[in-house]
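# Structural overview for review
Here is what each chain is made of, one letter per residue.
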Amino acid sequence: MVIVVAGLVVAVGALVQGTVGFGLALVAAPLLAILDPALVPVPLLMITAVHALLTLRREFGDTDWRGVGWALLGRLPGIGIGVLAVSTLPPRAFVAVVGVTVLVCAGLSVIHWRPRPTAPALLVAGLVSGAGGTASSIGGPPVALLYQDATGPRVRSTLAAYFTAGTLLSIGALALAGQVTAHALTAGALLLVPMLAGFTLSGPARPLLDRGWTRPAVVGLAAAGAVALLVQAAVG
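Conventions and cut-offs
Residues numbered from 1 in each chain as written. Predicted model: local features only at pLDDT ≥ 70, side-chain atom pairs only at ≥ 80, totals over all residues. Heavy atoms only, no water. Helix = DSSP H or I, 4+ residues; strand = E, 2+ residues; numbered from the N terminus. Rg over C-alpha atoms; globule rule 2.2 N^0.38 Å. Contact = heavy atoms within 4.5 Å. Areas by Shrake-Rupley, 256 points an atom, 1.4 Å probe, with all protein chains shown as cover. Bend = angle between axes of the 7 residues up to and from the residue. Buried < 20%, exposed > 50% of the residue type's maximum accessible area, 1.4 Å probe, protein only. Polar contact = N/O pair within 3.5 Å; in protein donor to acceptor, adjacent residues only side chain to side chain. UniProt positions renumbered as here; feature names shortened; annotations may be inferred. Salt bridge = Lys/Arg side-chain N within 4 Å of Asp/Glu carboxyl O. Axes fitted to C-alpha atoms, helices over the stretch in contact; angles between N-to-C directions. Parallel < 35°, antiparallel > 145°, perpendicular 65-115°, else oblique. Left-handed = near helix turned anticlockwise from the far one by under 90°. Nonpolar A, V, L, I, M, F, W, Y, C, P; charged D, E, K, R; others polar.

What follows deals with the overall build of the protein chain. When its secondary structure is counted, the protein chain shows 10 helices and 0 strands. Seen in sequence order, the protein chain has helices and strands lined up from the N terminus as α-α-α-α-α-α-α-α-α-α. A compact globule built from 236 residues would reach a C-alpha radius of gyration of about 18 Å, and the protein chain, at 16 Å, matches this within 12%. Principal axes of the C-alpha set define a box for the protein chain whose edges measure 45 × 35 × 30 Å. Expressed as a percentage of contacts within the protein chain between residues at least 6 apart in sequence, the contacts between residues at least 24 apart total 85%. Summed over its atoms, the accessible surface of the protein chain is roughly 10100 Å², and 75% of this surface lies on carbon and sulfur atoms.

The largest bend in helix H9 (residues 182-209) amounts to roughly 60 degrees and is located at Gly 203, with the proline Pro 204 lying one to four residues further along. Taken as a whole, H9 has its buried residues at Ala 184, Ala 187, Gly 188, Leu 191, Pro 194, Met 195, Gly 198, Phe 199, Ser 202, Ala 205 and Arg 206. Looking at the buried side of H9, the elements it contacts are helix H1 (2-20), helix H2 (24-35), helix H3 (42-58) and helix H8 (152-176).

With respect to the helices and strands, the residue Gln 17 is situated in helix H1. Engagement of the side chain of Gln 17 in a polar contact is seen with the backbone nitrogen of Leu 24, the distance being 3.0 Å.

Turning to the environment of Leu 146, a few remarks are in order. The topology assignment puts Leu 146 in helix H7 (residues 140-146). Residues Leu 146 and Phe 60 lie 86 residues apart in sequence; the distance between their C-alpha atoms is 19 Å.

Moving on, we come to the environment of Gly 225. As for its position among the elements, Gly 225 is in helix H10 (residues 214-235). Take Gly 225: its relative accessible area is 5%, and that puts it in the buried class. Distance in space between the C-alpha atoms of Gly 225 and Asp 64 is 32 Å, their sequence separation being 161 residues. Gly 225 has contacts with Pro 30, Leu 31 and Ile 34, leaving out every residue within four places of it along the chain.

Moving on, we get to the UniProt feature "transmembrane region" (unreviewed entry) in the protein chain. Under the present numbering, the feature "transmembrane region" (unreviewed entry) in UniProt falls on residues 34-56, 68-87, 93-113, 120-139, 159-177, 184-205 and 217-235. Across residues 184-205, helical content stands at 100% and strand content at 0%; the span's end C-alpha atoms are separated by 30 Å.

Here Thr 55 lies in helix H3. The class of Thr 55 is buried, set by a relative accessible area of 4%. Look past the residues within four positions of Thr 55 in its chain and what remains in contact with it is Arg 156, Ala 160 and Phe 199.

For the structure on display, the rule yields 3 salt bridges. One salt bridge in this structure joins Arg 206 and Glu 59, with 3.2 Å as the shortest N-O distance. Taken together, the residues span a long stretch of sequence, with Arg 206 in helix H9 and Glu 59 in the loop between H3 and helix H4 (65-88) at a distance of 147 residues. The buried category is assigned to Arg 206, whose relative accessible area is 18%.

Turning next to the packing of helix H6 (residues 119-136) against H8. Running from amino to carboxyl end, H6 crosses H8 at an angle of 55 degrees, the nearest separation of the two axes being 10 Å. By the angle between their axes, H6 is oblique relative to H8. Handedness of the crossing formed by H6 with H8: right-handed. Each of Gly 126, Ser 129, Gly 130 and Thr 134 in H6 lies in contact with H8, whose residues at this interface are Tyr 162, Ser 170 and Leu 174. Residues of the contact of H6 with H8, tallied by class, amount to 2 nonpolar, 5 polar and no charged.

Encoded structure:
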């Protein structure tokens, strides 16, 4: 039953990310951590990497490779911070960290801030993204905010290239830290099917969800899940 519910959550997240360029982890991480904390971060990182590869293949020509390079350079030290958090924090504290991370990302998403993807900004965004993405699978919002004024294909393909390399780096670092277990690999494999279903639906759904409804839906659902996580951490 946990895998079935988790699969539905992942399918919705994959649909959203396939439409706007990010959102899979922002939607899925809080709910998956409530269902089973072991589903975050490794299984979610696995399906995020596959989703990113599929998106990159679909919209390869619109990628900002320079921006991807700067963001990945910043992500490297951020990964170390994320691995440290996963390795040292107790379960309740880890759940709280995931909840706070989502709330911060949701708050930034509603601020009328229009940053530009300059090299310094991309380095900082990559650092924050690496720490959050490795510890809680949520690494998209910091980089996505820098491209919020770009076209849809530009946002989706650039973030897909960044996610492809970034999530693989994070999984490798977690493996070196002993966090990639057989249970995590099995859970990730089971979640691939609903992820593929959500990605497939994102193709025809893009014209509908791009009409101003995706962003408030993602932020609202992520914030609600984060609040539930913090309540769970508080009451044990």
